[in-house]
Amino acid sequence: MPIRCGIVGLPNVGKSTLFNALTQTAAAQAANYPFCTIEPNVGNVAVPDSRLTELARIASSQKIIETQLGFTDIAGLVRGASSGEGLGNQFLANIRETDAIVHVLRCFEDDDVTHVEGKVDPVADAETVETELMLADLESLEKRVPNLAKKAQQGDKDAKVQAAVLGQALELLRAGKPARLTAPRDDEEARALKLAQLLTAKPVLYVCNVDEASAASGNAHSARVATMAASAGAGSVIVSAAIEAEVAMMEPGDRAEFLEALGLEETGLARVVRAAYSLLGLITFFTVGPKEARAWTVTVGSKAPQAAGEIHGDFEKKFIRAETIAYDDYVRLGGESGARDAGRLRSEGKDYVVHDGDVMHILHGA
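Residues numbered from 1 in each chain as written. Predicted model: local features only at pLDDT ≥ 70, side-chain atom pairs only at ≥ 80, totals over all residues. Heavy atoms only, no water.

Our next topic: the packing of aromatic side chains. All told, the structure shown has one aromatic pair when counted by the stated rule. Seen in terms of ring centroids, F285 and W296 are 6.4 Å apart; in terms of plane orientation they differ by 15°. Their pairing is stacked. Taken together, the positions of F285 in strand β8 (residues 282-288) and W296 in strand β9 (residues 292-299) put the pair eleven residues apart, joining distant regions of the chain. You can call W296 buried: its relative accessible area is 11%. Looking at R51, its charged tip hangs above the ring of Y327, at a distance of 5.9 Å from the centre. (Phe/Tyr/Trp six-rings, centres within 6.5 Å; stacked < 30°, edge-to-face > 60°. Helix = DSSP H or I, 4+ residues; strand = E, 2+ residues; numbered from the N terminus. Buried < 20%, exposed > 50% of the residue type's maximum accessible area, 1.4 Å probe, protein only. Lys NZ or Arg CZ within 6 Å of the ring centre and 35° of its normal.)

In C-alpha cells, the structure reads:
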C-alpha cells in the first residue's frame, strides 16, 4: 500500500481540483461551496523518475512500473473544527490516517470564487488550519499524558517512554508550537511519537495555488508562504491547479508544447509529487530485467533486507544477499554485464544501507 498524503486546506482553495489533476480523474467533485468533498477521495500517483526510462532502455525491458504515492482529498476545514464545527471530527479522523499533510493554500485573487474567511491571506489560512490541528492534539495529550505519567511511576516501561516524548510534545503545544518540533532521544521515543498519530507531528508540504499568470515564478502571496515554510522547516511548491487540470485532460504529446508556452519545464504536479516524496524521507531503488524495469520505495536508512521485503515479504525473511549496482555505473557501463565486468557489481549483505538509485537483484532462500 503506497505511503499516503492527505490534501487539506480551507474550503474553496483548490484541493479537489488539485486532486483531480493528480489522479487524472474526475472522482472528486470540484465546486464553489464549502464541503463539496464529504467522503475522502483516494488515488495513487506515479512518482516521476526519468532514471527508470533510461534503465528500461538499456535492459530492453518490456514494461515500466513506477513507484507510487497515495493522495487523499479530505473535506475542507473551517475555524472551530477541533471542537467539531463543520465536518471537523471527520476531517481530523481522516488526516490522522495519513503519513503527511499536503496543505493547499489559495494564492490567487478571483471575485467569482468565494473565500470562507472573506479575504485572500494564505499565511493566515495556514495558521487557521495549524491552530485547529494543535488544539485537537492538545486536547488529546492533556488527557493521555497524566495517565501515562501515573503508569510510568508504577514501573510500566512503555508508559515511561511514552510519557517522556508525549510530555515534550504537550509542552510544545501549550507554547503554541506543533508537535513535529518534538525531538525524540532514541528510536523507542521516535516510535512512540509516531504511534501517537499526532496531527501536528506529520510533515507538511505547502502547495501555493496561484493564477495561471503566476504559475512559472509565483506571486507575492506565494513568496510569503515560502518564507513561512522555510521558518517552520516545511516545504513549499507553486502550482496553478487550473493549469494542471487542463494539462491532465490533454493528450501526452500535446502537454510539453502547452507547458513551454507558459514558461514551464514540467507540470506543477510533478514538483508536488517529488517534494512530497522528499518530505517523507523516501528514496528509490530499482529492479531491472527484460520483462520489466521497476521502481520501489524505501525510507532513508533502510537496509537491504527491508528493500527485499518491499518486493515480497518472504524475500526479507529469507534474504541471503543483494547484488547491487549504482545507477550511474549501470548507465555508464551499459547495464549489468558491463558493470560486472568492470567490477562495479557489489555483493551486499544484511547490514547494507540502500542508496537512492541502487539497481538491485535480491538473492533469497527457497
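The structure having been displayed, the exposition proceeds.
A separate point is helix α7 (residues 220-232). Between the first and last C-alpha of α7 there are 19 Å, a value that for 13 residues agrees with the 18 Å anticipated at 1.5 Å per step. Every buried residue of α7 is listed here: H221, S222, V225, M228 and A229. In a view along the axis of α7, the buried residues occupy a sector of 120°, so they form one face of it. The exposed residues of α7 that point more than 90 degrees off its buried face are A220, T227, A230 and S231. Lining the buried residues of α7 we find β5 (100-106), α4 (122-153), β6 (204-209) and β7 (235-239). For α7, the side-chain oxygen to backbone nitrogen distance between the N-cap and H221 is 3.0 Å, and the N-cap itself is N219. (Expected span 1.5 Å × (residues − 1). Arc of directions from axis to C-beta. Contact = heavy atoms within 4.5 Å. Polar contact = N/O pair within 3.5 Å; in protein donor to acceptor, adjacent residues only side chain to side chain.)

Turning our attention to the sheet that holds strand β2 (residues 41-46). Taken together, six strands build an open sheet; the order of strands is β2-β4-β1-β5-β6-β7 and the sheet is mixed. Both edges of this open sheet fall to β2 and β7, since each of them pairs with a single strand only. Mean inter-strand twist for the sheet, computed between neighbouring axes without regard to direction, equals 25°. Bridge count for strand β1 (residues 4-8) against strand β4 (residues 68-73) is four bridges, and the pairing is parallel. From the neighbouring strand, G6 faces β4, where its bridge partner is T72. Lying on the sheet, α7 is in contact with β5, β6 and β7; it crosses β6 at an angle near 170°. (Pairing = 2+ DSSP bridges. Axes fitted to C-alpha atoms, helices over the stretch in contact; angles between N-to-C directions.)

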